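The residues making up each chain are set out below.
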Amino acid sequence: MSVRDEFDAWAADGRDKGMEDRHWHTAKHALARMPVEEGDTVVDLGTGSGYALRALYDTKGIGHGFGLDGSPEMIRNAREYTDTEDIEFLVGDFDDLPFADDSVDHVWTMEAFYYAPDPHHTLEEVARILKPGGTFYCAVNYYEENVHSHHWQDNISIEMTRWSHEEYRDAFRDAGLYVAEQDSIADMDIEIPPADEFPTDSWETREDMVDRYRTFGTLLTVGVAP
Ligand SMILES: C[S@@+](CC[C@H](N)C(=O)[O-])C[C@H]1O[C@@H](n2cnc3c(N)ncnc32)[C@H](O)[C@@H]1O
C-alpha cells in the first residue's frame, strides 16, 4: 500500500486527530525547545493534522509554516483545522522537498521521518533547504532501543527505518548536519493504571508500559546546518 492510500485512510477515520492527541504529550516539550524566532519559516515533514505548526504560530509567532505530507486527505484536514494563511499545507514526498536551497529557518518532524523511502537522501534534502545555523528537530517513537516499538512494522505495509541513537547521529553527520542534541523525552501524560489492572488490552505488564512511555518516550535528535 502507498503512503497516500495508507494515510488517507487514517485521516478519513479520525486517526490524524488521535495521533495529534497522543504525540502532543512529548511533541510539546520538543517544540518548546526549538530556537524559533518571530517571523521564522518552519517546515513540518509528515505534518498529519498540522498541529505542530499551529502551536509554533501561536506560541512563537513564526512568519511562515509549510506542512508537507504524502496524504492528500491529511492535507485537506490540516487546512480545515487551520485559520491562518501564514501556514500552508502541501502534498509532497520526503524524497524531494519543494523548497529552495538555504531558504528555511527550521525543520520539524514528529513520528514521520522513519517512513522516508530513502532517509539518508531526506537528510540531505533537509540540509540543502536549511539556512546556515538552521535546525532540524527530528522526533521519533519508533527506534532501535525502544523494543516496545519493534512490532509496529507488522501493522503497516510501508517500510519503516529503525535506527538506533547512534545511527541517527551518524546519518545526520553524513548528511552534513552537526548533532547539537540527542535526548529521550518521557511521556508523563499517559495514564498508567495500577499493577492489579494488568494485563490490559495493550500491555502484558505495568513494567513494560512504564518502560515504553516513561523510560523510552520520544527520541529527539537535533541537527544544525553549518
Ligand atoms: C504517524 S503520522 C504523524 C503525523 C504528525 N506528524 C503527528 O505527529 O501526529 C506520519 C505522517 O507522515 C506522512 N508520510 C509518511 N511517509 C511520507 C513520505 N514519504 N512523504 C511525505 N509524507 C509522508 C503520512 O502521510 C502521515 O501523515
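About the criteria used
Residues numbered from 1 in each chain as written. Predicted model: local features only at pLDDT ≥ 70, side-chain atom pairs only at ≥ 80, totals over all residues. Heavy atoms only, no water. Near = heavy atom within 4 Å. Polar contact = N/O pair within 3.5 Å; in protein donor to acceptor, adjacent residues only side chain to side chain. Areas by Shrake-Rupley, 256 points an atom, 1.4 Å probe, with all protein chains shown as cover. 1 Å grid on protein atoms, 1.4 Å probe; cavity = no way out; pocket = protein on both sides within 12 Å on 5 of 7 lines; lining within 4 Å. Sits in = over half its atoms within 2 Å of the grid points. Patch = residues over 30% accessible without salt bridge, like charges linked within 9 Å, V, L, I, M, F, W, Y side chains within 5 Å. Salt bridge = Lys/Arg side-chain N within 4 Å of Asp/Glu carboxyl O. Lys, Arg positive; Asp, Glu negative; His and termini not counted. Charge placed at Lys NZ, Arg CZ, Asp CG, Glu CD. Helix = DSSP H or I, 4+ residues; strand = E, 2+ residues; numbered from the N terminus. Phe/Tyr/Trp six-rings, centres within 6.5 Å; stacked < 30°, edge-to-face > 60°. Buried < 20%, exposed > 50% of the residue type's maximum accessible area, 1.4 Å probe, protein only. Axes fitted to C-alpha atoms, helices over the stretch in contact; angles between N-to-C directions. Parallel < 35°, antiparallel > 145°, perpendicular 65-115°, else oblique. Left-handed = near helix turned anticlockwise from the far one by under 90°. Contact = heavy atoms within 4.5 Å. Nonpolar A, V, L, I, M, F, W, Y, C, P; charged D, E, K, R; others polar.

Per an unreviewed UniProt entry, the protein goes by Methyltransferase domain-containing protein and derives from Haloferax marinisediminis.

We now examine the site of the ligand. What surrounds the ligand is a group of 21 residues, the closest being H23, G46, Y51, D69 and M110. One nitrogen or oxygen atom from the main chain of G46 is found 2.7 Å from a nitrogen atom belonging to the ligand. In the model, an oxygen atom of the ligand is placed 2.7 Å from a nitrogen or oxygen of the Y51 side chain. Surface burial for the ligand is 99%, taken as the share of its 600 Å² of free accessible area covered by protein chains. In this structure the site holding the ligand corresponds to the second largest pocket.

Right, let's talk about a negative patch on the surface for a bit. Taken together, D118, E124, E166, E167, D170 and D174 make up a surface patch of like negative charges. On the secondary structure map, E166 appears in helix α6 (residues 165-174).

This part is about the packing of aromatic side chains. Taken as a whole and judged by the stated rule, the model has 13 aromatic pairs. Taken together, a centroid distance of 4.7 Å and an interplanar angle of 55° make the contact between F7 and W10 tilted. Residue F7 and its partner W10 are both found in helix α1 (residues 3-12); the two are separated by three residues, about one turn of the helix. For the pair F7 and W10, a shared accessibility class is recorded, and that class is buried.

Once that is clear, we can look at the packing of helix α2 (residues 15-33) against helix α3 (residues 51-60). α3 packs onto α2 with a crossing angle of 40° between their chain directions and a minimal axis gap of 10 Å. In terms of axis orientation, α2 runs oblique to α3. Both α2 and α3 take part in a crossing whose hand is right-handed. For the pair formed by α2 and α3, the contact residues are K17, E20, H23, W24, A27, L31, A32 and R33 on the first element and Y51, A52, R54, A55, L56 and K60 on the second. Residue composition of the contact of α2 with α3, by class: eight nonpolar, one polar and five charged.

Moving on, we come to the packing of α1 against α2. Close contact between α1 and α2 brings their axes to 5 Å; oriented N to C, the two are set at 80°. One way to sum up the angle between α1 and α2 is to call them roughly perpendicular. Note on element contacts: α2 touches α1 through R15, D16 and M19, opposite A9, W10 and A11.

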